[in-house]
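# Summary of structural features
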Amino acid sequence: ETGVTQSPTHLIKTRGQQVTLRCSSQSGHNTVSWYQQALGQGPQFIFQYYREEENGRGNFPPRFSGLQFPNYSSELNVNALELDDSALYLCASSLAPGTSGGGYGEQFFGPGTRLTVL
Amino acid sequence: AQSVTQLGSHVSVSEGALVLLRCNYSSSVPPYLFWYVQYPNQGLQLLLKYTTGATLVKGINGFEAEFKKSETSFHLTKPSAHMSDAAEYFCAVTITGGFKTIFGAGTRLFVKA
């Protein structure tokens, strides 16, 4: 059973650029959530995808968007990067409520992508 | 709306001493409660969870937590700290059947030799 993987590990961009971060969910998981973790803070919920549709969203602007693919891998896209977007971006996979063996909100996290915006 | 408050951004204990990390939550519906640990430059790892049933839950690495509804608390404890416990700990809440998990700001645990 493979765990959650993310790529790239580190990324440096300049203000105004666009970035795509990638996540491969744990085998068998059908739900993926993305979080932003600024330095010294807890993870902040960006959004969640289930069955390739956005299932819920936190307080992030539309320039944060995502995709979930049929194989449950996922992308986080951020347009028009700002300095405050510098953070660790975490992907977490889980089983949706109603799925056999799932439904309790337990999430499995990847190691994250460290994004630096200059 | 849900919220999570972790009391103390930093906690320092001696090796072998009791570890107590405090977490209080706010939720209008029965929550699922979690503790995660994060080591430097790594993602989060689940320590333990409360969903339903027994209010005292045991997790990995000797940690346990007790759900106290009357106090809206879910404090994390370990009887004897080990140097390897030094890390950042996050308390989190998800409403039952919900999609959104709210994390606390985290408590960094230091263990002195």
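Keep in mind that what you see is a predicted model, and the values were worked out from it rather than measured.

## Looking at the nonpolar core
If you look at the biggest cluster of nonpolar residues, it comprises 26 residues, and the most contacted ones within it are B:W35, B:L48, B:F74, B:L76 and B:Y89. Elements with a minimum of two residues in this core: β2 (10-14), β3 (19-26), β4 (31-38), β5 (44-50), β7 (64-68), β8 (73-78), β9 (87-95) and β11 (107-112) of chain B. In contact with B:Y89, other than residues within four places in its own chain, are B:Q6, B:L21, B:W35, B:Y36, B:V37, B:L47, B:F63, B:L76, B:G106, B:T107 and B:L109. Counting residues in hydrophobic clusters, the runner-up holds 20 residues, among them A:F47, A:V78, A:Y89 and A:V117.

## Some words on the interface of chain B and chain A
Contacts between chain B and chain A engage 18 residues on the former and 23 residues on the latter. Buried area between chain B and chain A, both sides added, is near 1600 Å², and the carbon and sulfur share of it is 56%. If you sort the residues of chain B by the area they bury against chain A, B:L44, B:F99 and B:F103 come out on top, with a joint share of 32%. Linking chain B with chain A are one salt bridge. The shortest N-O distance in the salt bridge between A:E106 and B:K49 comes to 2.6 Å. The interface formed by chain B and chain A holds four residue pairs in polar contact (both at pLDDT 80 or more) in total. Only β4, β5 and β10 (101-103) of chain B provide two or more residues apiece to the side of chain B that touches chain A. Ranked by residues supplied to the side of chain B that touches chain A, first place goes to β4(B) with four residues. Of the residues assigned to the side of chain B that touches chain A, the class counts are nine nonpolar, seven polar and two charged.

## Overview of the environment of A:R63
Residue and element names in this part refer to chain A. Position of R63 among the secondary structure elements: in the loop between β6 (53-57) and β7 (64-68). As for R63 and N77, which are separated by 14 residues in sequence, their C-alpha atoms are 7.7 Å apart. Leaving out residues up to four positions away in the same chain, R63 has contacts with N77, V78, N79, A80, L81, E82 and D85. In terms of polar contacts, R63 uses its side chain to reach the side chain of E82, at 3.3 Å.

So, how was this worked out
Residues numbered from 1 in each chain as written. Chains lettered and ligands numbered in written order. Predicted model: local features only at pLDDT ≥ 70, side-chain atom pairs only at ≥ 80, totals over all residues. Heavy atoms only, no water. Core = buried A, V, L, I, M, F, W, Y, C linked by side-chain atoms within 4.5 Å. Buried < 20%, exposed > 50% of the residue type's maximum accessible area, 1.4 Å probe, protein only. Helix = DSSP H or I, 4+ residues; strand = E, 2+ residues; numbered from the N terminus. Contact = heavy atoms within 4.5 Å. Buried area = accessible area lost by both parts, 1.4 Å probe. Salt bridge = Lys/Arg side-chain N within 4 Å of Asp/Glu carboxyl O. Polar contact = N/O pair within 3.5 Å; in protein donor to acceptor, adjacent residues only side chain to side chain. Nonpolar A, V, L, I, M, F, W, Y, C, P; charged D, E, K, R; others polar.

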